[in-house]
Amino acid sequence: MADYTEQTKLDKIKRAVELIKGSPSSDIDYFTVNNPCNLEIDGIPFNNTSFIRANGSPLSQCECVIYPHSGNDESWILFLELKYSCKPKNNENNLNKARKQLFKTQYYYRSQGVFDKNNTCYLLASLPMQRPPFTNISLTQPYLSAMKKRHNVVIRFQNSVEIIDDKKIKV
């Protein structure tokens with residue numbers, strides 16, 4: 001997955017969030033979903049018109065959602081936000097903003113009944129231009145454990161995941 005929004009904002013042809021299947025792109029850094037089990041997955045990229053308030057203004061949301069094609073009440077759902085910055089000094093602000101965007105999108109989906117607490121929800125923030133672990137920010141183990149236990153939410157800051165099956169993702 002890659003977000004071309006900033007990279008192409010001055011170009012004649014604008015690009016946005018793209019879910020890339022097959023060979024990775026060489027013109028941009030990206031988030032990778034490794035799928036060795038060849039599980040059929042679907043994804044929906046979001047843009048500024050994906051979630052709109054009653055007054056017409058856009059709601060904050062993440063870049064995309066990815067999920068198993070034949071999901072059920074135990075399948076995972078993955079929300080992803082990318083921040084294109086090569087400056088580690090900006091990591092705390094970028095990743096905290098990403099986390100808020102992820103929570104808002106996840107809350108919207110859950111409040112609409114798209115999934116419930118039985119579905120493990122992965123909230124992933126990525127800095128594709130940097131190598132993990134990202135400096136200047138971390139999430140504590142008690143926080144991560146509490147989110148999993150109370151809300152069945154897994155939060156991570158990383159640039160790739162691996163699908164295990166329709167119920168688990170290796171983070």
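This text follows the structure it describes.
Because the structure is predicted, anything quoted here is derived from the model rather than measured. Throughout this document, residue positions are counted from 1 along each chain, in the order its sequence is written. Selection of residues for local features in this predicted model requires a pLDDT of at least 70, selection of side-chain atom pairs for listing and counting requires 80 or more, and totals for whole chains, interfaces and linings are taken over all residues. To get the side-chain values, all heavy atoms of the structure are used, and hydrogens and water are removed first.

**Describing the side chain of S75**
For step 1, the next point in the chain: Starting at the N terminus, helices and strands are each numbered in turn, a helix being any DSSP run of H or I of at least four residues and a strand any DSSP run of E of at least two. Relative to the helices and strands, S75 resides in the loop between β5 (64-68) and β6 (77-82).
For step 2, the next point in the chain: Polar side-chain contacts of S75 include one of 2.9 Å to the backbone nitrogen of N72.
For step 3, the next point in the chain: Apart from residues lying up to four places away in sequence, S75 is in contact with P68, S70, N119, T120 and D166. Pairs of N or O atoms within 3.5 Å make up the polar contacts considered here, provided that, within protein, one atom can donate a hydrogen while the other can accept it, and that residues adjacent in sequence are counted only when both atoms are side-chain atoms. Residues count as neighbours in contact if any of their non-hydrogen atoms are within 4.5 Å of one another.

**Overview of the packing of aromatic side chains**
For step 1, the next point in the chain: Only Phe, Tyr and Trp rings are paired, with Trp represented by its six-membered ring, and only when their centres lie within 6.5 Å; those with planes under 30 degrees apart are stacked, over 60 edge-to-face, the remainder tilted. Applying the stated criterion to the full structure yields seven aromatic pairs.
For step 2, the next point in the chain: Geometrically, the ring pair formed by F51 and Y108 is edge-to-face, given 4.7 Å between the ring centres and 80 degrees between the ring planes. With F51 in the loop between β4 (41-45) and β5 and Y108 in helix α1 (residues 91-111), this residue pair connects regions lying 57 residues apart in the sequence.
For step 3, the next point in the chain: Under the relative-accessibility criterion, Y108 is labelled partly exposed at 35%.
For step 4, the next point in the chain: A network of ring pairs unites the aromatic residues F46, F51, F79, Y108, Y109 and F115 as a single cluster.
For step 5, the next point in the chain: The ring of Y4 carries R15 above its face, with NZ or CZ at 3.7 Å from the centroid. Only protein chains enter the accessibility calculation, which uses a 1.4 Å probe. A residue is then buried if its area is under 20% of the maximum for its type, exposed if over 50%, and partly exposed in between. The rule is short: NZ of Lys or CZ of Arg within 6 Å of the ring centre and within 35 degrees of the ring normal puts a charge over the ring.

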